[in-house]
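Summary of structural features
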Amino acid sequence: MRHFQLISIALASFVTTAAIAAPFTYTNARFGTVCTFPDEIFTLPQPEPENGDGQQWLSADGASLICSGILNIDDDTPKSFVAAEKASKEPSYKITYSKSGKDWAVLSGIKGEAIFYERRLFGKDGVIRTVWIDYPPALKSKYDPLVGAIAGSLKGP
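Quantities reported herein were computed from a predicted structural model and do not represent experimental measurements. (Residues numbered from 1 in each chain as written. Predicted model: local features only at pLDDT ≥ 70, side-chain atom pairs only at ≥ 80, totals over all residues. Heavy atoms only, no water.)

1. Concerning the overall build of the protein chain
Across its full length, the protein chain carries three helices and nine strands. Relative to its 157 residues, the protein chain shows a buried fraction of 42%. Within the protein chain, counting contacts between residues at least 6 apart in sequence, those at least 24 apart form 44% of the total. As presented, the protein chain carries roughly 8400 Å² of accessible surface, and 57% of it is formed by carbon and sulfur atoms. (Helix = DSSP H or I, 4+ residues; strand = E, 2+ residues; numbered from the N terminus. Buried < 20%, exposed > 50% of the residue type's maximum accessible area, 1.4 Å probe, protein only. Contact = heavy atoms within 4.5 Å. Areas by Shrake-Rupley, 256 points an atom, 1.4 Å probe, with all protein chains shown as cover.)

2. Examining the pairing of strand E6 (residues 93-100)
Pairing of E6 with strand E7 (residues 104-111) involves seven bridges; the strand directions are antiparallel. Note that in E7 the partner of Lys-94 across the bridge is Ile-110. Joining the antiparallel neighbours E6 and E7 is a turn of three residues. (Pairing = 2+ DSSP bridges.)

3. Let's talk about the environment of Phe-81
Looking at the secondary structure, you find Phe-81 in helix H2 (residues 78-86). The spatial distance from the C-alpha of Phe-81 to the C-alpha of Val-106 is 9.7 Å, given a sequence separation of 25 residues. For Phe-81, the residues in contact, after removing those within four places along its chain, are Ala-105, Leu-107, Glu-118, Arg-120 and Phe-122.

4. A look at the pattern of salt bridges
What the rule picks out here adds up to five salt bridges. For Asp-61, the salt bridge is made with Lys-142, and the minimal N-O distance between the two is 2.6 Å. Within this pair, whereas Asp-61 is found in the loop between strand E4 (54-58) and strand E5 (64-71), its partner Lys-142 is found in helix H3 (residues 140-152), the two being separated by 81 residues in sequence. One salt bridge in this structure joins Glu-90 and Lys-111, with 3.6 Å as the shortest N-O distance. Separated by 21 residues along the polypeptide, Glu-90 in the loop between H2 and E6 and Lys-111 in strand E7 bring together distant segments of the chain. Owing to a relative accessible area of 35%, Lys-111 belongs among the partly exposed residues under this scheme. (Salt bridge = Lys/Arg side-chain N within 4 Å of Asp/Glu carboxyl O.)

5. Some remarks on the environment of Tyr-143
Structurally, the position occupied by Tyr-143 is in helix H3. Sequence-wise, Tyr-143 and Ala-63 are 80 residues apart; in three dimensions their C-alpha atoms are separated by 8.5 Å. Not counting residues up to four positions away in its chain, the partners in contact with Tyr-143 are Ile-41, Phe-42, Ser-59, Asp-61, Ala-63 and Tyr-135. A polar contact is formed between the side chain of Tyr-143 and the side chain of Ser-59, at a distance of 3.2 Å. (Polar contact = N/O pair within 3.5 Å; in protein donor to acceptor, adjacent residues only side chain to side chain.)

6. Comments concerning the sheet that holds strand E9 (residues 127-135)
Spatially, the seven strands line up as an open sheet ordered E3-E4-E5-E9-E8-E7-E6, and their pairing is antiparallel. The outermost strands of the open sheet, each flanked by one partner alone, are strand E3 (44-45) and E6. Taken together, the eight bridges between strand E8 (residues 114-122) and E9 define a ladder with antiparallel strand orientation. Looking across to E9, one finds that Arg-119 is bridged to Val-131. Across the sheet, H3 is in contact with E5, E8 and E9; its angle to E9 comes to roughly 165°. (Axes fitted to C-alpha atoms, helices over the stretch in contact; angles between N-to-C directions.)

7. Considerations on the side chain of Thr-33
Examined against the element boundaries, Thr-33 turns out to sit in the loop between strand E1 (23-27) and strand E2 (34-38). The class of Thr-33 is buried, set by a relative accessible area of 0%. Setting aside anything within four residues of it in sequence, one finds Thr-33 in contact with Tyr-26, Thr-27, Asn-28, Cys-67, Ser-68, Gly-69, Arg-129, Thr-130, Leu-154 and Lys-155.

This is the structure:
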């Protein structure tokens, strides 16, 4: 409970465009992926895909947030995930920051025309839970303070 309170306080204090941020907590029914974010910024929920693996929200200014889960069918580890992403030859994809721990990994960089931030949790239940946030570079000062709190709210059962 204390963790949720700290995240709620962090999300509320980081909002620069709204007087009051209303934190919203999403829980994915299929994988139990949970993340909390300001729903005054990510106001446009998209339909869940048919497989029920997560959901995406858009903001009016061009940002996007995805909270999802996938089965870890390749037995990826945080280190192998980061290594594979760093080795990617995908055009317009550049990692500028990466870090991993025992059961998590974080990446940040540029994909296409957007800045992205991704956090993955590698669960003992065989599920990788992910939060992905991307936004236009012109909005860096607005979203950079939010990504840490949103990514830090990612959890699973």
